[in-house]
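# Working through the structure, step by step
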Amino acid sequence: MKYISTRGSAPVLPFGEAMMTGLARDGGLYVPETIPQMTHDEIAALAGLPYGDVAFRVMWPYLGDTFTETEFRGLIAKAYEGFGHAARAPLVQIGADHFLLELFHGPTLAFKDFAMQLIGQMMQATLAKSGQRITIVGATSGDTGSAAIEAFRGLANVDVFILFPHGRVSEVQRRQMTTPTESNVHAIAMDGDFDDCQARVKDMFNDFDFRDGVRLAGVNSINWARVLAQVVYYFTAAVSLGAPHRKVDFTVPTGNFGDIFAGYIARRMGLPIGRLIVATNQNDILDRALKTGEYRPDGVRPSISPSMDIQVSSNFERALFDAYGRDGAAVAQLMAELKTGGFSISQGAAEMLRETFASGSCSEEETSATIKLTHEATGEVLCPHSAVGVHVAESHLGGAPMVTLATAHPAKFPDAVEAAMGVRPALPPRMADMFDRAERMTRLPNDLAKLQAHIRANIAERTAN
Ligand SMILES: *Cc1c(COP(=O)(O)O)cnc(C)c1O
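Only a predicted model underlies this, so the values are computations on that prediction, with no experimental measurement involved.

Contacts to the ligand come from 15 residues, most closely from Lys112, Asp143, Gly255, Asn256 and Thr407. One of the side-chain N or O atoms of Lys112 is found 2.6 Å from an oxygen atom in the ligand. In the model, a nitrogen atom of the ligand is placed 2.8 Å from a nitrogen or oxygen of the Thr407 side chain. Alone, the ligand offers 380 Å² of accessible surface; in the complex the protein occludes 98% of this.

Encoded structure:
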């Protein structure tokens, strides 16, 4: 399997190199040249299999010769062994035809663990073969950073630097990034919002001297390997609700379009997904873009679902690439226009997107009310992101069973949950000591040169020891 860039002018790479690289050298995102298909019978045969076996069957066709079958099965097993639920991604029923897919049983209590734990195993195995070292730099709205640190802490050949927007992540999110004691973990509180953090990381990837000098590797949600790991739970959920014999709809709380794009890939592989519904918070650019065809960022408004406070939605580029008939030059043109304010999606592309994706948004008040009402009606405690999903799903019920992705554990956002329903959700016992541990982070301005100097200095110090 070969990987091509959405902007059409970067080297074509095999899976392993696309994974280690993250962002393509033309600024684009890697996508598989073709989408492997699963037949009706192959999907039916997934029923009743353990999560790891489904993961192997869904992902294997994408890997080429990066790992042997036995190696890859071993990496999957290790990636998910630390999850706090045997099913990995259990389904819970919250309405007559409405189910919640709980994706928060991993070590940092958000769905990011599904991808990050696996990419951590895969990168480690790759480095062990080559003997090389890498520097991981990632931007986070809170959950990617903690998941990446958890996956890479203590590895000899890896330094991990995470930029998070100062003052804009929850205390639990921050502590998950600042309390690990391993010297290869570097948390950076940057002045700015998530879009600023993400932009500086992209700048580092586009500075080829820096990129090659520190051997930069990307684990942000633009990394194809992360999208791929998220395709798996669409299969486990749909099959346990009757696929491939009946259709299933999914609602996905999203900001960077990563998780929902994984659902789109599952659908293109042959999984009978009826509708894919994009759920946004008050930062509703994706909802507006899908409805009007106009993609125009107008500033991030901080919300109680901070992991979705995004206006520049990176993975949307992958959907645009397909909607424009895989025309890399057309996508490059749109992304150039985005730098100067925004772009209009062509009528044909907008129609193609609307055939696949429906959308809705959820205000702050609606998010809180959904947490309260869902708890009263079902006993289930939602995190604010999952509540955005449940609210939007409720106006799209009917027809097929609906699965809403529950993307984080409520205890990761205790203030918002307590304000909504009057009870403070407790952390699982295995992380209850988090508030007693010392924090370690560096505060830096939104300044590329200063960030790069900090990264270079820390790597030099560690490799000298
Ligand atoms: C990252 C995140 C999201 C949004 O994920 P996308 O990659 O934008 O789809 C939603 N909820 C939580 C809790 C997250 O951490």
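By the bridge criterion, four bridges tie strand E4 (residues 91-95) to strand E5 (residues 98-102) in an arrangement that is antiparallel. Across the sheet, the residue bridging to Leu91 is Leu101, located in E5. Here E4 hands over to E5 after two residues, the two strands then running antiparallel side by side.

Remark on secondary structure: sheet strands pair via backbone hydrogen bonds, oriented parallel or antiparallel. If you trace the five strands from one edge of the open sheet to the other, you get E9-E6-E7-E8-E16, paired in parallel fashion. Either end of the sheet is taken by a strand with one partner, and the two such strands are strand E9 (216-217) and strand E16 (442-444). Bridge analysis of strand E6 (residues 134-139) against strand E7 (residues 158-165) gives six bridges, and the strand direction is parallel. Looking at the pairing, Ile136 lines up with Val160 of E7. Along the sheet, helix H19 (residues 448-464) contacts E6, E7, strand E8 (185-190) and E16; its crossing angle with E7, the most-contacted strand, is approximately 150°.

In an α-helix, one turn spans 3.6 residues, which is why side chains three or four residues apart end up on the same side. With nine of ten residues buried, helix H6 (residues 143-152) is to be regarded as a mostly interior element. Turning to H6, its buried residues are Asp143, Thr144, Gly145, Ser146, Ala147, Ala148, Ile149, Ala151 and Phe152. On its buried face, H6 is in contact with helix H5 (112-130), E6, E7, helix H7 (171-178), E8 and helix H10 (224-240). Following H6 by one or two positions, Gly154 adopts a phi angle in the positive range, close to 85°.

On to the pattern of salt bridges. For the coordinates displayed, the defined rule picks out 25 salt bridges. Residues Glu317 and Arg7 are paired through a salt bridge, measuring 2.8 Å at the closest nitrogen-oxygen approach. Taken together, the residues span a long stretch of sequence, with Glu317 in helix H13 (residues 316-323) and Arg7 in the loop between strand E1 (2-5) and strand E2 (13-14) at a distance of 310 residues. Measuring nitrogen to oxygen at the nearest pair gives 3.0 Å for the salt bridge that ties Arg424 to Asp415. Relative accessible area serves as the criterion here: at 44%, Arg424 is assigned to the partly exposed category.

Summarising burial for E8: six of the six residues are buried, a large majority. Here E8 shows no split at all, with Val185, Ala187 and Ala189 on one side and His186, Ile188 and Met190 on the other all buried. Bridge count for E7 against E8 is six bridges, and the pairing is parallel. The residue bridging Pro165 from the neighbouring strand is Met190, located in E8. Taken together, E7, H7 and E8 form a β-α-β motif whose crossover is right-handed.

Turning to the UniProt feature "modified residue: N6-(pyridoxal phosphate)lysine" (unreviewed entry) in the chain, a few remarks are in order. UniProt's entry tags Lys112 with the feature "modified residue: N6-(pyridoxal phosphate)lysine" (unreviewed entry), counted in the numbering of this structure. Structurally, the position occupied by Lys112 is in helix H5. Not counting residues within four places of it along the chain, the set of residues in contact with Lys112 comprises Asp143, Thr144, Ala147 and Arg226.

With that settled, consider the environment of Lys112. By relative accessible area, Lys112 is classed as buried at 10%. In sequence terms Lys112 and Asp259 are 147 residues apart; their C-alpha atoms lie 9.2 Å from each other.

Ranked by size, the top nonpolar core spans 116 residues in total, and within it Phe152, Tyr233, Tyr234, Phe235, Phe250, Phe316 and Phe357 carry the most contacts. With 13 residues, H10 is the largest single contributor of residues to this core. In this view, Tyr234 contacts Phe250, Val252, Asp259, Ile260, Ala262, Gly263, Ala266, Leu271, Ile273, Leu276 and Leu405; residues no more than four positions away in its chain are not counted. The next biggest cluster of nonpolar side chains, apart from the first, holds 22 residues, and it includes Leu23, Leu29, Ala139 and Leu163.

What follows deals with helix H8 (residues 194-206). Along its 13 residues, H8 runs 18 Å from first to last C-alpha, staying within 8% of the 18 Å computed at 1.5 Å per residue. Among all positions in H8, only Phe194, Asp195, Cys197, Gln198, Arg200, Val201, Met204 and Phe205 are buried. The N-cap of H8, judged by a side-chain oxygen 3.1 Å from the amide nitrogen of Asp195 a few residues on, is Asp193.

A separate point is the packing of aromatic side chains. For any pair of aromatic rings, the description consists of the separation of the ring centres together with the inter-plane angle of the planes. This model, assessed by the stated rule, comprises 20 aromatic pairs. When the ring of Tyr51 is compared with that of Tyr80, the centres are 5.5 Å apart and the planes differ by 85°; the resulting orientation is edge-to-face. Within this pair, whereas Tyr51 is found in helix H3 (residues 51-59), its partner Tyr80 is found in helix H4 (residues 69-80), the two being separated by 29 residues in sequence. Taking relative accessible area as the criterion, Tyr51 reaches 7% and is therefore assigned buried. Residue classification places Tyr80 among the buried positions, given a relative accessible area of 3%. With centroids separated by 5.9 Å and ring planes inclined at 45°, the aromatic side chains of Phe56 and Phe72 adopt a geometry described as tilted. With Phe56 in helix H3 and Phe72 in helix H4, this residue pair connects regions lying 16 residues apart in the sequence. What makes Phe72 buried here is its relative accessible area of 0%. Grouping aromatic residues by their ring pairs yields a cluster made of Tyr51, Tyr80, Phe83, Phe114, Tyr233, Tyr234 and Phe250. Between Arg25 and the ring centre of Phe208, over which it is positioned, the NZ or CZ distance is 4.3 Å. Sitting over the face of the ring of Phe56, Arg73 holds its NZ or CZ atom 3.8 Å from the ring centroid.

Rules used throughout
Residues numbered from 1 in each chain as written. Predicted model: local features only at pLDDT ≥ 70, side-chain atom pairs only at ≥ 80, totals over all residues. Heavy atoms only, no water. Near = heavy atom within 4 Å. Polar contact = N/O pair within 3.5 Å; in protein donor to acceptor, adjacent residues only side chain to side chain. Areas by Shrake-Rupley, 256 points an atom, 1.4 Å probe, with all protein chains shown as cover. Pairing = 2+ DSSP bridges. Helix = DSSP H or I, 4+ residues; strand = E, 2+ residues; numbered from the N terminus. Contact = heavy atoms within 4.5 Å. Axes fitted to C-alpha atoms, helices over the stretch in contact; angles between N-to-C directions. Buried < 20%, exposed > 50% of the residue type's maximum accessible area, 1.4 Å probe, protein only. Salt bridge = Lys/Arg side-chain N within 4 Å of Asp/Glu carboxyl O. Right-handed = clockwise from strand over helix to strand, strands pointing away. UniProt positions renumbered as here; feature names shortened; annotations may be inferred. Core = buried A, V, L, I, M, F, W, Y, C linked by side-chain atoms within 4.5 Å. Expected span 1.5 Å × (residues − 1). Phe/Tyr/Trp six-rings, centres within 6.5 Å; stacked < 30°, edge-to-face > 60°. Lys NZ or Arg CZ within 6 Å of the ring centre and 35° of its normal.

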